[in-house]
Amino acid sequence: MSDIIQLLPDHVANQIAAGEVVQRPASVVKELLENAIDAGATSITLLLKDAGKTLVQVIDNGKGMSTTDARLCFERHATSKIKNAEDLFNLNTKGFRGEALASIAAIAHVELKTKQENEELGTCIKIEGSNVVSQDVTSTPKGTSLAVKNLFYNIPARRNFLKSDTVETRHIIDEFQRVALAHPNIAFVLHHNNNEVYNLKSSNLKKRIVSIFGNKTNEKLVPVDEHTDIISIKGFVAKPEFAKKKRGEQFFFVNDRFIKSSYLNHAVNSAFEGLLEQGSHPTYFIYFEVPPNTIDINIHPTKTEVKFDNEKALYAIIRATVKHSLGQYNVAPVLDFNRDATLDTPYDFKNKPSVSTPKIIVDPTFNPFKNETLDKNPVQTERPRTSSTKTYQSNFKKDTGSWESLYANLNTESFSSTNTQEELFESEKETETGKTFQVQKKYILSTIKSGVVLIHQTLAHQRVLYEEYLEHITVKEANSQQLLFPINISFSTTDIEMIIGMKADLESAGFVFNEITKDTVVIGGIPTSISESQITLILEQLLDDIKLEVPDASFSHFDVMAKSFAKSLAIKTGTVLSGKEQETLVNNLFSCKEPSVSPLGKPTFKTLTLQEIDTIFSK
């Protein structure tokens, strides 16, 4: 048989490697920013067009490259970061594999301009799909400018799988924030479609956090600081009252490198035990310094997964450090069992005479019925004259001096009214349990001709609300109610950018924006179907859905908004529904176009026929 194994051409190998390194425009941003930091830059500018699909350009004032290095940097496994295998255990740079630029050049149009400080002219190289188109001498400032255009132009399948511009921009901003938070001493600028999103000056860590997440963040932060032989910890955690229902503002950095670790995240959460509501997640920005030889970052191409030599010790130290900070700054409640209760008495009460117990005087001869006239008898009331009342009055006139007759008539009247109340409650029970039953405050059981149907009340209400909101947003003209006092809601800069992108759609849904600043939204009107107290919850849910890629590239914001509104406002498990409310929900559900599934595709009800029920009991 002939030989069938062969070496792949370089451009094919680069495209395969690009699938691991470059997953989306945010991957390009991460690699280029890290290269700029490794080059010693003190100022970095990131330019984007169309969420990075058209252009990703990073300009830095680092040390630059020579002509030979500029050409060699696009070769696979060409790097200046390491020289032998032992260097992998003493890494002090962001990159070290030498694959990023080769992978990027294989799937995009790349233009590189670079110049070293002691050179008069720099180098300009243009590459298209791993092919060098030109290499010329050019006039350029010190540092490097690398522009990546038309990403995935030669891999249309990968380009079609990219999400909407809003989602891709969010991923880019996430990567930008991680790099900017890891290096507060470097100035960063971000422009998207010629709009300035961030302009971060060189500052300390706290100012960098506040400049990224808004001025409101300043009051939330509690400092964390601890130094041991195996790890140094610094950073900030947010106070428990600012915890969020969704994960998001949770950052771990090891040796100025962003990492993800569910194990260490559990350590922080355990430090907040007893301080957070069920389902809430704390915000934190925690920085670790460990010896480079005690960690392994060469696990995944994104370098966000790290292995530690002594994870259990780190877990205990992190948990204790965060707990200590919360207690030190009086965030965690403290119980003092040695408190002297006498100290609670004010000092000015010390010399006052003791108060004697008041004497109770009783008149044993007092008779409330003595010298009372019949007209002043307290039994008579202003209630309607029932048959029992008339009987009581006639008997009372016949025997005016008999207390026994009065007592007998009162008992008779009480017995009669009790019977009337029992009849009333029995009729109410029959009305309330006529057609539907609520099971465990979660399901509604309703009878049908062929058997019974079990309905999930939350998912059913989501379907009803979803179709109502979608109809109001897209078909009918949305009605808006003006607020007497406009509401100010604080958001991070990235969330503000997303709201600006959805502003037209939100206004179509009935929202009225009086003003939008860099970290605040002023709302003057809301849809008539939403209460004022639900505005913040709805907007946060909408932003979280977009961040979590709920919308697809082919869906508009209208659909996402309707789903978010329905999910936020639907009745929750544990809500008690009256018989009327149950019947209304059932009727509204089966009036929907798609009653069988919720907006997110989960079944809303299950039908059991009489035959299926009989089968259960015939076994």
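Structure: above.
As the structure is a computational prediction, the values presented were derived from the model and not from experiment.

1. With respect to the pattern of salt bridges
For the coordinates displayed, the defined rule picks out nine salt bridges. As a salt-bridge pair, Lys30 and Glu34 come within 3.2 Å of each other at their nearest N and O atoms. In this pair, Lys30 and Glu34 are both assigned in helix H2 (residues 25-38), four residues apart and thus about one turn of the helix distant. Here Lys30 and Glu34 have matching classes, each one buried. The residue Asp165 makes a salt bridge to Lys53 at a minimum N-O spacing of 3.0 Å.

2. Some words on the packing of aromatic side chains
Scanning all chains against the criterion turns up 14 aromatic pairs. Aromatic side chains Phe213 and Phe285 sit 5.4 Å apart centroid to centroid with 50 degrees between the ring planes, which places their arrangement in the tilted category. One end of the pair, Phe213, is in helix H7 (residues 205-213); the other, Phe285, is in strand S13 (residues 284-289), with 72 residues separating them in the sequence. On the basis of an interplanar angle of 55 degrees and a centroid distance of 5.1 Å, the ring pair of Phe590 and Phe605 is categorised as tilted. With Phe590 in the loop between helix H17 (579-589) and strand S22 (605-609) and Phe605 in strand S22, this pair connects stretches of sequence that are 15 residues apart. A relative accessible area of 40% places Phe590 in the partly exposed class. The partly exposed category is assigned to Phe605, whose relative accessible area is 24%.

3. What about H17?
Those residues of H17 that sit buried are Gly579, Gln582, Leu585, Val586 and Leu589. End-on, the buried residues of H17 take up no more than an arc of 130 degrees, which puts them together on one face. Away from its buried face, by an angle of more than 90 degrees, H17 presents the exposed residues Lys580 and Asn587.

4. Description of the sheet that holds strand S9 (residues 221-227)
Read across the open sheet, the five strands follow the order S9-S10-S13-S11-S12; overall the sheet is mixed. With partners counted over all chains shown, the strands left at the sheet margins are S9 and strand S12 (257-259), one partner each. Averaged over all pairs of adjacent strands, the angle between strand axes in this sheet comes to 20 degrees, irrespective of strand direction. In this structure, strand S11 (residues 250-254) lies alongside S12, joined through three bridges in antiparallel fashion. Pairing of Phe253 across the sheet is with Phe258, part of S12.

5. Digging into the sheet that holds strand S20 (residues 512-516)
One open sheet holds the three strands; their spatial order is S19-S21-S20, and the pairing between them is antiparallel. Because the sheet does not close on itself, it has two edges, and the strands there are strand S19 (480-490) and S20. Neighbour-to-neighbour, the strand axes of this sheet turn through a mean angle of 15 degrees, independent of strand direction. Here seven bridges tie S19 to strand S21 (residues 520-527), and the two strands are oriented antiparallel to one another. Bridging across to S21, Gln482 finds its partner in Gly525. Across the face of the sheet, helix H13 (residues 493-501) comes into contact with S20 and S21 while running at roughly 135 degrees to S20.

6. A closer look at the nonpolar core
Grouped together as the largest cluster of nonpolar side chains are 56 residues, with contacts concentrated most on Leu32, Ile44, Leu46, Val148, Leu181 and Phe188. Look past the residues within four positions of Leu181 in its chain and what remains in contact with it is Leu205, Arg208, Ile209, Ile212, Phe213, Phe251, Phe253, Phe285 and Tyr287. Grouped together as the second largest cluster of nonpolar side chains are 33 residues, Leu483, Met502, Phe513 and Ala570 included.

Cut-offs applied
Residues numbered from 1 in each chain as written. Predicted model: local features only at pLDDT ≥ 70, side-chain atom pairs only at ≥ 80, totals over all residues. Heavy atoms only, no water. Salt bridge = Lys/Arg side-chain N within 4 Å of Asp/Glu carboxyl O. Helix = DSSP H or I, 4+ residues; strand = E, 2+ residues; numbered from the N terminus. Buried < 20%, exposed > 50% of the residue type's maximum accessible area, 1.4 Å probe, protein only. Phe/Tyr/Trp six-rings, centres within 6.5 Å; stacked < 30°, edge-to-face > 60°. Arc of directions from axis to C-beta. Pairing = 2+ DSSP bridges. Axes fitted to C-alpha atoms, helices over the stretch in contact; angles between N-to-C directions. Contact = heavy atoms within 4.5 Å. Core = buried A, V, L, I, M, F, W, Y, C linked by side-chain atoms within 4.5 Å.

In short, shape yes, function no, at least from these values alone.
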